[in-house]
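One letter stands for each residue in the lines below.
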Amino acid sequence: MKFAFSTLGVPGLPIPDVLRLATDHGYQGVELRAHPEEPVHPGLGLVERADVAAEFKAAGVEILTVAGYARVAAPGDDEPVLDELNSLVGLARDLGAPFVRVFPGGGTDQDEAEADATAARRLGTAARYAADAGVRVLVETHDSHRTGADVTRVLGTVGHRQVGAVWDVMHTWRGGESPADTFAALSPYLGYVQVKDIASADDTTPLALGAGTLPLAECVGVLSAEGWDGWLCWEYEKRWYEQAAPLPQLLGPGRDFLSRLVSRSG
């Protein structure tokens, strides 16, 4: 398995500093949070995009994902959501990133079937553009669709190779789904896995990997047993929890922790 971390853990950090963290601590990839607060977002011009891609290539670090905030099941018109999806796919294409991360984002007043149908319709439309761009759109297990079973209802309807899933281990665990059941649901669609750790279901302040309650060893064990050898990406939600410890000092021990889990499961 290969290791990455999300820039959500180092809000606003310039790209050269992000790359230094990756190379210093042995991470092969980075998940780029695509938001106007960050150095990389859909508003970047073509020259700036080319510069970012060149910086990553020179450092020998992969851009794993453009982590966007499109909400594919959200109530309302399709057009604004599709525009956002297409802008994220275009950014990923220009950066050479294989994936775009999106959220389900179903509304509280939607019933399940309506949310599923809305997400599937939009993803099916976006898949054609994604295919031309050589990018996969991945729906994260999150919010209205936080388990693998939830996300699979949508992806099975879409039925397109350019649309898949991100397994966020916190949300599936909080949704009461076992790692084995999550993998069984998502395995035909799985792009990569987001790892993290928290104290409890009620206290989601990010912790160092291995310091909390999430079943990380079990998750890695399931992946290894099934022969899955993709990306583990540490999403440390520092942006939302200012009181959390700084990520840079945790990156080295975090990589060592993941390496041990993979070695024991092999």
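Residues numbered from 1 in each chain as written. Predicted model: local features only at pLDDT ≥ 70, side-chain atom pairs only at ≥ 80, totals over all residues. Heavy atoms only, no water.

It is worth spelling out the overall build of the protein at this point. In terms of regular secondary structure, the protein is built from nine helices and eight strands. Taking 2.2 N^0.38 as the reference for a compact globule, 266 residues should give roughly 18 Å; the C-alpha atoms of the protein span a radius of gyration of 17 Å, in line with that estimate. If you line up the protein on its principal axes, its C-alpha atoms span 45 × 45 × 35 Å. A total of 266 residues make up the protein; the buried ones form 53% of that total. Long-range pairs, those at least 24 residues apart, make up 80% of the contacts in the protein with a sequence separation of at least 6. Summed over all atoms, the accessible surface of the protein reaches about 10,800 Å², with 50% contributed by carbon and sulfur. Taking the average place of the 22 positive charges on the side chains of the protein and the average place of its 37 negative ones, the gap between the two points comes to 4 Å. (Helix = DSSP H or I, 4+ residues; strand = E, 2+ residues; numbered from the N terminus. Rg over C-alpha atoms; globule rule 2.2 N^0.38 Å. Buried < 20%, exposed > 50% of the residue type's maximum accessible area, 1.4 Å probe, protein only. Contact = heavy atoms within 4.5 Å. Areas by Shrake-Rupley, 256 points an atom, 1.4 Å probe, with all protein chains shown as cover. Lys, Arg positive; Asp, Glu negative; His and termini not counted. Charge placed at Lys NZ, Arg CZ, Asp CG, Glu CD.)

So, about the nonpolar core. Core analysis: the largest hydrophobic core is formed by 78 residues, its most contacted members being Phe5 and Trp234. Among the nonpolar cores identified, the runner-up in size contains eight residues, and Ala4, Phe99, Tyr192 and Trp231 belong to it. (Core = buried A, V, L, I, M, F, W, Y, C linked by side-chain atoms within 4.5 Å.)

Before going further, it helps to spend a moment on the pattern of salt bridges. Going through the model one piece at a time under the given rule, you end up with 18 salt bridges. The salt bridge partner of aspartate 94 is arginine 49, with a shortest N-O separation of 2.8 Å. Remark: arginine 49 occurs in helix α2 (residues 46-59) and aspartate 94 occurs in helix α3 (residues 78-95); sequence separation between them is 45 residues. For arginine 49, a relative accessible area of 9% puts it in the buried group. The residue arginine 153 makes a salt bridge to aspartate 116 at a minimum N-O spacing of 2.7 Å. With arginine 153 in helix α5 (residues 148-158) and aspartate 116 in helix α4 (residues 112-133), this residue pair connects regions lying 37 residues apart in the sequence. By relative accessible area, aspartate 116 is classed as buried at 10%. Each of the salt bridges in this network shares a partner with another, and the network as a whole consists of Arg101, Glu140, Asp168, Lys196, Glu235 and Glu237. (Salt bridge = Lys/Arg side-chain N within 4 Å of Asp/Glu carboxyl O.)

As enumerated under the stated definition, the model contains four aromatic pairs in all. Ring geometry for phenylalanine 5 versus tyrosine 27: centroids 5.4 Å apart, planes at 90°, classification edge-to-face. Within this pair, whereas phenylalanine 5 is found in strand β1 (residues 2-6), its partner tyrosine 27 is found in the loop between α1 (15-25) and β2 (29-33), the two being separated by 22 residues in sequence. On the basis of relative accessibility, which here comes to 3%, the residue tyrosine 27 falls in the buried class. Geometry around tyrosine 69 places arginine 101 over its ring, the cationic atom sitting 5.2 Å from the centre. (Phe/Tyr/Trp six-rings, centres within 6.5 Å; stacked < 30°, edge-to-face > 60°. Lys NZ or Arg CZ within 6 Å of the ring centre and 35° of its normal.)

A few words now on unusual backbone geometry. For aspartate 143, which is not glycine, the phi torsion reads 40° and is therefore positive. Its place among the elements puts aspartate 143 in the loop between β5 (136-140) and α5. Under the relative-accessibility criterion, aspartate 143 is labelled partly exposed at 30%.

Further remarks concern the pairing of β1. Most of β1 is tucked away, with four of its five residues classed as buried. Strand direction decides the pairing type here: β1 and strand β8 (residues 231-234), joined by four bridges, are parallel. By the bridge assignment for β8, alanine 4 is matched with cysteine 233. The sheet contact formed by β1 and β2 spans three bridges and is parallel. Within the sheet, the bridge partner assigned to serine 6 lies in β2 and is glutamate 31. Assessed by its sense of winding, the connection that carries the chain from β1 through α1 to β2 is right-handed. (Pairing = 2+ DSSP bridges. Right-handed = clockwise from strand over helix to strand, strands pointing away.)

Right, let's talk about the pairing of β5 for a bit. For β5, a buried count of five out of five residues is recorded, marking the element as mostly surrounded by other parts of the structure. In terms of strand pairing, strand β4 (residues 99-103) meets β5 through four bridges, oriented parallel. The residue of β5 that forms the bridge with phenylalanine 99 is arginine 136. Across four bridges, the pairing between β5 and strand β6 (residues 163-168) is parallel. The residue bridging glutamate 140 from the neighbouring strand is valine 166, located in β6.

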